[in-house]
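# Fold and contact review
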2 protein chains.
Amino acid sequence: MTQEYGGAGACARPPSRYNRRMTDWLLHTPALDTLDAPTRARLAGLPQQTLPRGAVLFRPGDAVEGFAIVLSGRIEVFLTGAGGRELLLYAVEPGQSCVQTTLGLLGEAPYSTEAITAQETEVVMIPRALFRALMDSAPAFRQLVFAAFAERMGGMIQLMERVSFQSVECRLASWLCGHADGGRVQATQAEIATQIGSAREVVSRRLDAFARRGWVQTERGAVVLTDPGALRRLALSEGG
Amino acid sequence: MTQEYGGAGACARPPSRYNRRMTDWLLHTPALDTLDAPTRARLAGLPQQTLPRGAVLFRPGDAVEGFAIVLSGRIEVFLTGAGGRELLLYAVEPGQSCVQTTLGLLGEAPYSTEAITAQETEVVMIPRALFRALMDSAPAFRQLVFAAFAERMGGMIQLMERVSFQSVECRLASWLCGHADGGRVQATQAEIATQIGSAREVVSRRLDAFARRGWVQTERGAVVLTDPGALRRLALSEGG
DNA sequence: CCCGCCTGCGTGATCATGTCACAGACGCCC
DNA sequence: GGGCGTCTGTGACATGATCACGCAGGCGGG
């Protein structure tokens, strides 16, 4: 399902066909607008890379090569359990950076999670040395990194809360509402299961229950929301 | 079980009987050894507070008053679910600081968790303004905060892994091994349940199973480990 | 000493979820 | 049409959470 793409070093040594010209990508990255001129100058020269959907940026055990900033697309970071079950920890979207990476750069610890692009994704890698220099010398950059860190931590706590204390039904309804595009969600049940931290069979049964209540219609690779209101009410009901 | 102690503002406005003399507590805090002289000077004057066991430092919804550094004792931070079930997120021990607090100070977000002292605990509170100033001007302080942050994030990911992918039996065995004092663990089954993120009844049944295998003996408010080796093997078996 | 009460513990019943095994359905390519 | 891989549906079962009790030990008041 997720095609291998360059293995462990994908983000560090990508095939050249995915390298882009060195350009002023900073202009298109609002999150970095607050950076001062010298910092911008040091960043502007870095090459950006385009990764196809399904590329593996890192796996558990990999060493951390540099600090990634996402320009466009989306990277999903998963925790993998013994039985092969996966749990989406968080997603990295444009202007954001990867906490696991920050963690690795600051503490020398290898990755314990797996990162896969969910769409075609453009990233800029900041090498370790430059990252550390910026952290020390560029207050705005530091703010940026710290803010990202804080946001993730908050997100992780929320995730823990949902996974530990909320029913699968609630999580599923919530996820469906949050991913509907014109009353339609394009995803296989296995994908949904991973996203909400459950198992495919369970998703299948819950969706079936929703369908019997007339809230959704299931198709191969998609779910149609026929009563988004009901789903939303369930999602907000905090049901344990 | 956890006596209320001054409520929301406990750490900000403690009863005066718990205030101590202003002293050079920095001398006894190895974690802060790397701080430069000016920073140490700014910190040395802060008062330390002593909180009894069971004091509530903050609850969900409280505003963040300042940055806490633990000198001695132990603070436990919990997530609370709908049914009143609680899950230990992490503990703050001497020389460490509270991430939730950092998060709140940086992002203005209120607490979503609950912090309770597990023993008599000495803390120093750094007011918000000083905290921000130090973050900007004292690289060593910044390093300290960042390192703590990174460590917590790693811990949270590990916790997520254990809670999501490991059996209660493994977690229980592991916890017992980690908390044995001379082959004996002093804790009620309800406490153990909270620590490993399960329910009291489940702990009761698992302990019973251990007892039938001759690995432990249960007493009122305590567990005696009669075969620590077996428990340790189970704890390390990564059983899903 | 007896009683009432609180806390901690044990247990059965039931529900929610995760896991395993397997079969049918759908799409696609040859 | 036939073969193959992916997606989905289902039954059987194990684990864990929740609910509803009852029982035991400890403690203070009478």
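Please refer to the structure placed before this passage.
The text that follows walks through the structure, step by step, so that each part is easy to find. Residue positions are given per chain, counted from 1 along the sequence in the order it is written. Here the convention is simple: chains get letters from A, ligands get numbers from 1, in the order in which they are written. Local features in a predicted model are, by the rule used here, given only for residues with pLDDT of at least 70; side-chain atom pairs are given and counted only at 80 or more, and totals for whole chains, interfaces and linings are based on all residues. Heavy atoms throughout the structure, all of them, feed into the side-chain values; hydrogens and water do not.

Moving on, we get to the protein's contact with DNA strand D. A single heavy atom is enough: if one lies within 4 Å of a molecule or strand, its residue is considered near that molecule or strand. Neighbouring residues of DNA strand D: 20 residues in total, closest A:Gln189, A:Arg205, A:Arg220, A:Gly221 and B:Ser198. If you look at DNA strand D and keep only atoms within 4 Å of the protein, 42% of those are sugar or phosphate atoms. Here a polar contact is recorded for every N or O atom pair within 3.5 Å, except that within protein the pair must consist of a potential hydrogen donor and a potential acceptor, and residues adjacent in sequence are included only if both atoms are side-chain atoms. In the model, a phosphate oxygen of DNA strand D is placed 3.1 Å from a nitrogen or oxygen of the A:Ser204 side chain. Within the side chain of A:Arg220, an N or O atom sits 2.6 Å from a base oxygen of DNA strand D. Broken down by secondary-structure element, the contributors of at least two residues to the surface near DNA strand D are helix H7 (200-212) and strand S9 (216-219) of chain A together with helix H7 (200-212) of chain B. The secondary structure listing takes helices from DSSP runs of H or I that are at least 4 residues long and strands from runs of E that are at least 2 residues long, numbered from the N terminus.

With that settled, the discussion passes to the interface of chain B and chain A. Residue contacts are defined here by distance: any two heavy atoms, one from each residue, within 4.5 Å place the two residues in contact. Counting from both sides, the interface comprises 33 residues of chain B and, opposite them, 33 residues of chain A. Here the buried area means the combined drop in accessible surface, using a 1.4 Å probe, for two parts upon being joined, counting both sides. Among the residues of chain B in contact with chain A, B:Phe146, B:Met160 and B:Phe165 are the three that bury the most area, contributing 26% of the side total. Note on definitions: salt bridges are taken to be side-chain nitrogens of Lys or Arg within 4 Å of carboxyl oxygens of Asp or Glu. Viewed at the interface, chain A and chain B are joined by zero salt bridges. Run the count over chain B and chain A and you get zero residue pairs in polar contact (both at pLDDT 80 or more). The element that contributes the greatest number of residues to the side of chain B that touches chain A is helix H4 (residues 139-165) of chain B, accounting for 17 residues. A breakdown of the residues in the side of chain B that touches chain A according to their chemical character gives 18 nonpolar, nine polar and six charged. Residue classes follow a fixed rule: Ala, Val, Leu, Ile, Met, Phe, Trp, Tyr, Cys and Pro count as nonpolar, while Asp, Glu, Lys and Arg count as charged, and any other residue, Gly among them, counts as polar.

Another point: the protein's contact with DNA strand C. Neighbouring DNA strand C are 20 residues, the closest being A:Ser198, B:Gln189, B:Arg205, B:Arg220 and B:Gly221. In DNA strand C, atoms within 4 Å of the protein come 47% from sugar and phosphate. For DNA strand C, a phosphate oxygen lies 3.3 Å from a polar atom in the side chain of A:Arg85. At a separation of 2.9 Å, a phosphate oxygen of DNA strand C approaches a polar backbone atom of A:Val168.

The next point concerns the pairing of strand S4 (residues 75-80) of chain A. Residues and elements named next belong to chain A. Partly exposed describes any residue whose relative accessible area lies between the buried limit of under 20% and the exposed limit of over 50%, with all areas from a 1.4 Å probe on protein chains only and scaled to the type maximum. Most of S4 sits out of view: five of its six residues are buried. At least two bridges found by DSSP between two strands are what make those strands a pair. As paired elements, S4 and strand S5 (residues 86-92) share six bridges and run antiparallel to each other. Looking at S5, one finds that Glu 76 is bridged to Ala 91. Two successive antiparallel strands, S4 and S5, enclose a turn made up of five residues, where Gly 84 displays a positive phi of approximately 90°. Bridge count for S4 against strand S6 (residues 114-117) is four bridges, and the pairing is antiparallel. When the bridges of S6 are listed, Phe 78 appears paired with Glu 114.

Turning our attention to the side chain of B:Ser164. On the secondary structure map, B:Ser164 appears in helix H4. The exposure class assigned to B:Ser164 is buried, which follows from its relative accessible area of 16%. B:Ser164 has contacts with A:Arg85, A:Leu87 and A:Val163, leaving out every residue within four places of it along the chain.

Backbone hydrogen bonds hold the strands of a sheet together, and the pairing may be parallel or antiparallel. Residue and element names in this part refer to chain A. The three strands lie next to each other as S1-S7-S3, forming an open sheet whose pairing is antiparallel. The sheet is open, and its two edges are formed by strand S1 (48-51) and strand S3 (66-72), each paired on a single side. The average undirected angle you get between the axes of adjacent strands in this sheet is 35°. Direction of pairing for S3 relative to strand S7 (residues 121-127): antiparallel, over a ladder of six bridges. Residue pairing across strands places Ile 69 opposite Val 124, the latter belonging to S7. Here, axes are lines fitted to C-alpha atoms. For helices the fit covers the stretch in contact, and angles between N-to-C directions go from 0 to 180 degrees.

Residue and element names in this part refer to chain B. Checked against the element boundaries, Thr 39 lands in helix H1 (residues 37-44). Only 2.9 Å separates the side chain of Thr 39 from the side chain of Asp 36, close enough to count as a polar contact. Setting aside anything within four residues of it in sequence, one finds Thr 39 in contact with Leu 134 and Ala 138.

No statement about biological role is implied by the geometric values presented.
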